[in-house]
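# Coordinates in review
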Amino acid sequence: QSVRAQQLPAGVRSEILIGVDGCEASLAAARRLMDANMKVVYFAANNGPFVSFNRLMHFASGNWICRFDADDVMRPGFLWEQLRRLGEGVSMTGTWSVFADERLRPTSIVLAHDDYRPANGEHRYGAEGCFVAERRVWDRLGGFRAWRCGADTDFRDRALAFGLEI
């Protein structure tokens, strides 16, 4: 719902791909959300979010890509702001999301590694796998490594190593 509510610049069309990674209940829920610019892709085996995203990219056709997880909420204006930054010459925006509960209400969490997310759900640091990038960045870096976690940090680090502005 928060993704569909995004306002986009004139001439920009959204294409929403939902990858369901081995969960029949999530598949049924995703199908209930379907509209004309959405596609649900089901992967029978749970291989983790980064492998699923790599596979989803075979279905993507746009010039920009955005990676966002099911437990994240896009604030109003999120995509507009990220596309504005890309238009200023940035190749990739490393963003943070807002943690939410099953009803998409922001929620706080405390992680085991001394990180705290306040009650409004905002992260302290950018990363967490949420980003918007030009498609050429994805093509140049070859996608995520097939890791169950940490692939987002590796992707960002490789982009920096290639000299891309984030």
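Rules used throughout
Residues numbered from 1 in each chain as written. Predicted model: local features only at pLDDT ≥ 70, side-chain atom pairs only at ≥ 80, totals over all residues. Heavy atoms only, no water. Helix = DSSP H or I, 4+ residues; strand = E, 2+ residues; numbered from the N terminus. Buried < 20%, exposed > 50% of the residue type's maximum accessible area, 1.4 Å probe, protein only. Contact = heavy atoms within 4.5 Å. Phe/Tyr/Trp six-rings, centres within 6.5 Å; stacked < 30°, edge-to-face > 60°. Lys NZ or Arg CZ within 6 Å of the ring centre and 35° of its normal. Core = buried A, V, L, I, M, F, W, Y, C linked by side-chain atoms within 4.5 Å. Pairing = 2+ DSSP bridges. Right-handed = clockwise from strand over helix to strand, strands pointing away.

## Quick notes on the overall build of the chain
Assigned secondary structure in the chain consists of five helices and nine strands. The helix and strand sequence of the chain, counted from the amino end, reads β-α-β-α-β-β-α-β-β-β-β-β-α-α. Counting across all 166 residues of the chain, residues that qualify as buried make up 38%. Sequence separation of 24 or more characterises 56% of the internal contacts of the chain that already satisfy a separation of 6 or more.

## Overview of the packing of aromatic side chains
Counted by the stated rule, this structure contains 10 aromatic pairs. An angle of 25° between the planes, with centres 5.2 Å apart, marks the rings of Phe131 and Phe155 as stacked. Within this pair, whereas Phe131 is found in strand β9 (residues 131-134), its partner Phe155 is found in helix α5 (residues 151-161), the two being separated by 24 residues in sequence. There is no split in this pair, since Phe131 and Phe155 are both buried. Phe155 gets classed as buried once you look at its relative accessible area, which sits at 1%. Grouped by ring-pair contacts, the aromatic residues Phe50, Phe53, Phe131, Trp138, Phe144 and Phe155 constitute a single cluster. Between the NZ or CZ atom of Arg67 and the centre of the ring of Phe53, over which it lies, the distance is 5.8 Å.

## With respect to the nonpolar core
Grouped together as the largest cluster of nonpolar side chains are 16 residues, with contacts concentrated most on Met92, Phe131, Val137, Trp138, Phe144 and Phe155. Within the residue set of this core, elements represented by two or more residues are α2 (49-56), β9, α4 (135-141) and α5. With sequence-adjacent residues up to four places away left out, Val137 is seen in contact with Ser91, Met92, Phe155 and Leu164.

## Re the pairing of strand β2 (residues 38-43)
Remember that side chains alternate between the two faces of the sheet whenever the strand is regular. Where strand β1 (residues 16-21) and β2 come together, six bridges link them in parallel fashion. When the bridges of β2 are listed, Val20 appears paired with Tyr42. Crossover connection from β1 via helix α1 (residues 24-32) to parallel β2: handedness right-handed.

## Considering the environment of Pro49
With respect to the helices, strands and loops of the structure, Pro49 is situated in helix α2. Using a relative accessible area of 37% as the deciding quantity, one classes Pro49 as partly exposed. Between the alpha carbons of Pro49 and Asp69 there is a distance of 8.2 Å; along the sequence they are 20 residues apart. Excluding anything up to four places from it in sequence, Pro49 contacts Asp21, Arg67, Asp69 and Arg148.

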